[in-house]
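Residue-level structural notes
Spelled out from the first residue to the last, the chains are:
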Amino acid sequence: MIDTNEVIFRLDDVACHFRVEGNKKLKAVDGVSLDIHRGETVGLVGESGCGKTTLGRLMARIYPVTRGSIEFEGKDIKDLDTKTSFDYCKKVQMIFQDPYASLNPRLTVGSIIGEGLEIHNLYEPAERQKRIYDILEMVGLNREQASRFPHEFSGGQRQRIGIARALAIEPEFIICDEPISALDVSIQAQILNLLTSLRSRFNLTYLFISHDLNVVKYISDRVAVMYLGVLAELSDSEKIYANPLHPYTKALLSAIPVPDPEKEKSRKRIILEGDVPSPINAPVGCTFCSRCPYAFERCLVERPVLKEVEPGHKVACHLYDSDSSAVPV
Amino acid sequence: MKKKRSLPGLSPIAPPVDYGALVFAENDFEVVGTDIEKSMAMVRPSISYWRDAWRRLKMNKIAIACLIFIGIMAVGSVLMPLISPFTFREQHWDEVKLPMFTICTEPGAAGIGKLHIFGTDALGRDMWTRVWSGGQVSLFIGLMAAFTNFVLGMPYGLVSGFVGGRVDNVMMRIVEVINGIPYLIVVTLLMVVLPGGVTTIILAMAVVGWTGLARLVRGQVVSIKEQEYVIAAKTMGASRSRLIFRHIMPNTLSVVIVSLTMAIPGAIFTEAFLSFIGIGVQEPAASWGSLCQQAQSSVFMNTYLLLIPAAFICLTMLSLNLFGDALRNVLDPRMRK
């Protein structure tokens, strides 16, 4: 892994609100600040509906940002002109969750992969075919398959096609939106290994969105835990698994089963009470306060901000405030 | 008594096997290896969506029978009036309301001595020629109705669905207004204002007929544009025209084709109905509907004059509907095996 200190993406208090029936606001993402450095992989975990996909799509500019700013290589993506915005499309690519829905059923695999080359006018038209073959072989398919249609492939193969499509135009940053959760476990490992080897080969930066904690641990350098539209904790991958600070992260990590029946028996699980509140009327204070076993008065009224409590370990929880009267657990 | 059979494999005393003869030397076997060329050649050929659809349509015997019948109707309508010894407007005053399969004896007629296969009508015109020439009019109107539906409804639906928001709202309200006016009133009024004839019928049907397809296409576009492959193309920087013509439109086509196939029998029936109430095709031109209308005055004496064009309408509509159904089954992605 090539770790430089160059920040490729800087998210500052990013929010995305949707208007829903009855003029209510659905706050899918509500104030996320995050720096992503070139060459690293940031894992984004959280349960269904916590806003991880929305955050990924904000970065791919599929949804408009309601508040805050997303800077890519020092430029706010809201202020891009036609040309730079076209360049952005080349540099930031996305891999989708559902390999069955993300490929146009009417196009051959070759034209799916070649589309980006056509749009960005990369390579001479005569060389494009060769490039498509190279990419196909790079992701473990063979060139004869370029003339086939998506419905002739299995789920894992389709996801490889999705990866090939994103790779074809040589992006710098890839948003992986749950790329393996629709696949078999055996295939998951293949795709993960493929992503890892491509990362070092092309010096890629990933945002890896998933709800599978083990997968995120395997692939990420840093992990961000998301809950109801905000980041709860952000730290290096080893630290967060060894020493989770936020009560939500603790509960989340305690839910990972251990493949040893002896240890599994003695494993202590933190069972959270209640359900995730609706993002239409999230709690005023800490979003987690309705389910947190350690919540106190301040949590109900004031939303905690993401603060560095240890070097490289940020957490958004009042329990870790230096002026807090409560004792950190 | 049943004889107790002993199974050879389970006999208590197994016959001794001489393994001594089965000694393998190392070079008894050789590695065949994997022949890359061969393994690639064995892969079944790639089939495109449309070829796959055709392959499965061929398996449906009823659909193929319908297709052949529609083909016969179309070819017959074009050719029969040309090769018939009689014309559709030629009147034989001595041969009024002849029964079927009568030989023509009209003095001075070009087709003297030839057979009136379906007999003649109240004005002594050859029914065989008139039914086929009526088919020309009816099928042409059906095709043109489908064509105008496509030309007007498809772009309207595409724009409405793709642009969305307020534009979509306004465009769909316009469709609802047009849809809200009873179809027959619009057609009847237009027929009153404009001179009767095939062009007017087509125009009248075009004015009101496209709304169904526009709604259908719009619905398709709204759902397809949220599909991940369209989003993927968008994040890749694809232009609007590329999104529409390469990703969205081809994926609406199957539904559109089915809808157009179903629109043809509807238009044929509407034309027959209009002609039947007397505001459709004008004399001496014939259509299946006007033939039925003319036959109703002598329905008890010469029933075949009504039954023949009615049968043509029914069978053609039945075939088109059955074929459209089969096409829907074949083109619907959820029916894929």
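Here goes a summary of the coordinates provided. The shown structure was predicted, so the numbers you read here are calculated from the model rather than taken from an experiment. Starting from 1, residues in each chain are numbered consecutively following that chain's sequence as written. Numbering of ligands from 1 and lettering of chains from A proceed in the order in which they are written. For this predicted model, a pLDDT threshold of at least 70 governs which residues receive local features, and a threshold of 80 or more governs which side-chain atom pairs are given and counted, while totals over whole chains, interfaces and linings are taken from all residues.

1. So, the overall build of chain B
- Labels follow the DSSP assignment, with helices taken as runs of H or I lasting at least four residues and strands as runs of E lasting at least two, numbered in each case from the N terminus. When you go through chain B residue by residue, the secondary structure sums to eleven helices and two strands.
- In chain B, the succession of α and β elements from N to C terminus is α-α-α-β-β-α-α-α-α-α-α-α-α.
- Looking at chain B as a whole, 35% of its 337 residues qualify as buried. Whether a residue is buried, exposed or partly exposed is read from the other C-beta atoms within 10 Å of its own C-beta, which are placed from the backbone; 20 or more gives buried, 12 or fewer gives exposed, and intermediate counts give partly exposed.

2. Some details on the sheet that holds strand β9 (residues 222-227) of chain A
All names here are of chain A.
- At least two DSSP bridges between two strands are needed for those strands to be called paired. Strand order in the open sheet formed by eight strands is β6-β7-β8-β3-β9-β10-β12-β11, with mixed pairing between adjacent strands. Every other strand in the sheet has two partners, leaving β6 (92-95) and β11 (307-310) as the edge strands with one partner each. Looking at each pair of strands side by side, their axes are set apart by 20° on average, direction ignored.
- Here β11 pairs with strand β12 (residues 313-315) via three bridges, running antiparallel. Bridge pairing in β12 places Glu-308 opposite Lys-314. Orientation is described by axes fitted as lines to C-alpha atoms, over the contacting stretch for helices, and by angles from 0 to 180 degrees between their N-to-C directions.

3. Observations concerning the pairing of strand β4 (residues 67-72) of chain A
Residue and element names in this part refer to chain A.
- Strand direction decides the pairing type here: strand β1 (residues 7-20) and β4, joined by five bridges, are antiparallel. Along β4, the bridge assignment pairs Asp-12 with Ser-69.
- Both β4 and strand β5 (residues 75-76) contribute to a ladder of two bridges, which runs antiparallel. Of the residues in β5, the one forming a bridge with Glu-71 is Asp-76.
- Connecting β4 to the antiparallel partner β5 that follows it, the hairpin turn spans two residues, and Glu-73 within it adopts a positive phi of roughly 50°.

4. Focus on the pairing of strand β10 (residues 230-236) of chain A
Residues and elements named next belong to chain A.
- Counted residue by residue, β10 has six buried out of seven residues, so it is predominantly covered.
- Both β9 and β10 contribute to a ladder of six bridges, which runs antiparallel. Paired with Ala-224 across the bridge in β10 is Leu-234.
- Between β9 and β10, which pair antiparallel one after the other, the connecting turn spans two residues, and Leu-228 there sits at a positive phi close to 50°.
- The pairing of β10 with β12 spans three bridges and is antiparallel. The residue bridging Ser-235 from the neighbouring strand is His-313, located in β12.

5. Some points on the interface of chain A and chain B
- Contact with chain A, which involves 25 residues of that partner, is made by 20 residues of chain B.
- At the level of secondary structure, the elements contributing two or more residues to the side of chain A that touches chain B comprise α2 (82-91), β6 and α3 (109-119) of chain A.
- Broken down by class, the residue content of the side of chain A that touches chain B amounts to eleven nonpolar, six polar and eight charged. Placing C-beta atoms from the backbone, we regard two residues as in contact once those atoms come within 7 Å. Throughout this entry, Asp, Glu, Lys and Arg are counted as charged residues, while Ala, Val, Leu, Ile, Met, Phe, Trp, Tyr, Cys and Pro are counted as nonpolar. The remaining residues, Gly among them, count as polar.

6. Points about the sheet that holds β5(A)
Residues and elements named next belong to chain A.
- If you walk across this open sheet you meet the four strands as β2-β1-β4-β5, and the pairing is antiparallel. A strand with exactly one partner marks an edge of an open sheet, and here the two such strands are β2 (24-37) and β5.
- Its contacts with the sheet place helix α1 (residues 52-59) against β1, β2 and β4, and it is angled at close to 65° to β2.

7. Description of unusual backbone geometry
- A positive phi angle, near 65°, is found at A:Tyr123, a position not held by glycine.
- Within the element layout of this structure, A:Tyr123 appears in the loop between α3 and α4 (125-138).
- In this structure A:Tyr123 comes out as partly exposed when scored by C-beta crowding, with 16 C-beta atoms within 10 Å.
- Phi is positive for B:Phe101, which is not a glycine, with a value near 55°.
- Looking at the element boundaries, B:Phe101 is found in the loop between α3 (61-83) and β1 (102-103).
- With 10 C-beta atoms packed within 10 Å, B:Phe101 lands in the exposed category.

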